[in-house]
Amino acid sequence: MRQLPERKSIRLQGWDYGSNASYFITICTRGKYQYFGEIKDGVMYLSDLGIIARTCWQDIPQHFQYTSLDSFIIMPD
């Protein structure tokens, strides 16, 4: 089994991430590979993986009772 590199935590020390607050999340793919779709003429067209990512994101409140989603966007990478 391949050993994963040790990662530095970017979490704010002392902050309770379970508290009632708004969070902004950015996730990028390795090498900025466009797994989630492509933009053509200014319109984002989701790939099958992009559709899965959107569905999973929209399902989060069904799994976490006190969670609600605001605006979000899925970019190609």
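Before any of the text, the structure's been laid out above.
Residues numbered from 1 in each chain as written. Predicted model: local features only at pLDDT ≥ 70, side-chain atom pairs only at ≥ 80, totals over all residues. Heavy atoms only, no water.

A.B. asks: Any chance you could explain the layout of surface pockets here in plain terms?
C.D. replies: Which parts of space are left empty comes out when a probe the size of a water molecule is rolled across the atoms. What the largest pocket holds in volume is close to 1300 Å³. Surrounding the largest pocket, 28 residues form its lining, Tyr 23, Phe 24, Ile 25, Trp 57 and Leu 69 being those nearest its centre. Partitioned by chemical class, the residues of the lining of the largest pocket number 18 nonpolar, 8 polar and 2 charged. Each pocket or cavity is described by its volume, and for the second largest pocket that value is around 340 Å³. Around the second largest pocket sit Ile 10, Arg 11, Leu 12, Trp 15, Tyr 17, Tyr 23, Phe 24 and Ile 25, which together line it. Of the residues assigned to the lining of the second largest pocket, the class counts are 7 nonpolar, no polar and 1 charged. (1 Å grid on protein atoms, 1.4 Å probe; cavity = no way out; pocket = protein on both sides within 12 Å on 5 of 7 lines; lining within 4 Å. Points joined across faces, edges and corners; volume = space filled by probe spheres on them. Nonpolar A, V, L, I, M, F, W, Y, C, P; charged D, E, K, R; others polar.)

A.B. asks: Help me understand a nonpolar patch on the surface in this model?
C.D. replies: There is a patch of nonpolar side chains on the surface, built from Leu 12, Trp 15, Tyr 17, Tyr 23, Ile 25 and Ile 27 and spanning about 650 Å² of accessible area. Its location among the elements puts Tyr 17 in the segment before strand S1 (37-40). In this structure Tyr 17 comes out as partly exposed when scored by relative accessible area, which is 32%. (Patch = residues over 30% accessible without salt bridge, like charges linked within 9 Å, V, L, I, M, F, W, Y side chains within 5 Å. Areas by Shrake-Rupley, 256 points an atom, 1.4 Å probe, with all protein chains shown as cover. Salt bridge = Lys/Arg side-chain N within 4 Å of Asp/Glu carboxyl O. Helix = DSSP H or I, 4+ residues; strand = E, 2+ residues; numbered from the N terminus. Buried < 20%, exposed > 50% of the residue type's maximum accessible area, 1.4 Å probe, protein only.)

A.B. asks: What should I look at first to understand the environment of Ile 73 in this one?
C.D. replies: Relative to the elements of secondary structure, Ile 73 occurs in the segment after helix H1 (48-63). We classify Ile 73 as exposed; its relative accessible area is 67%. The spacing of Ile 73 and Gly 14 is 59 residues in sequence and 29 Å in space, taken between C-alpha atoms.

A.B. asks: Looking at this structure, how should I read the pattern of salt bridges?
C.D. replies: When charged atoms on two side chains of opposite charge get close, those side chains can pair. Enumeration according to the criterion identifies 1 salt bridge in this entry. Glu 38 serves as the salt-bridge partner of Lys 40, at 3.6 Å between the closest nitrogen and oxygen. Take Lys 40: its relative accessible area is 43%, and that puts it in the partly exposed class. On the basis of relative accessible area, Glu 38 is assigned to the partly exposed category, the value being 38%.

Geometric values such as these leave the question of function open.
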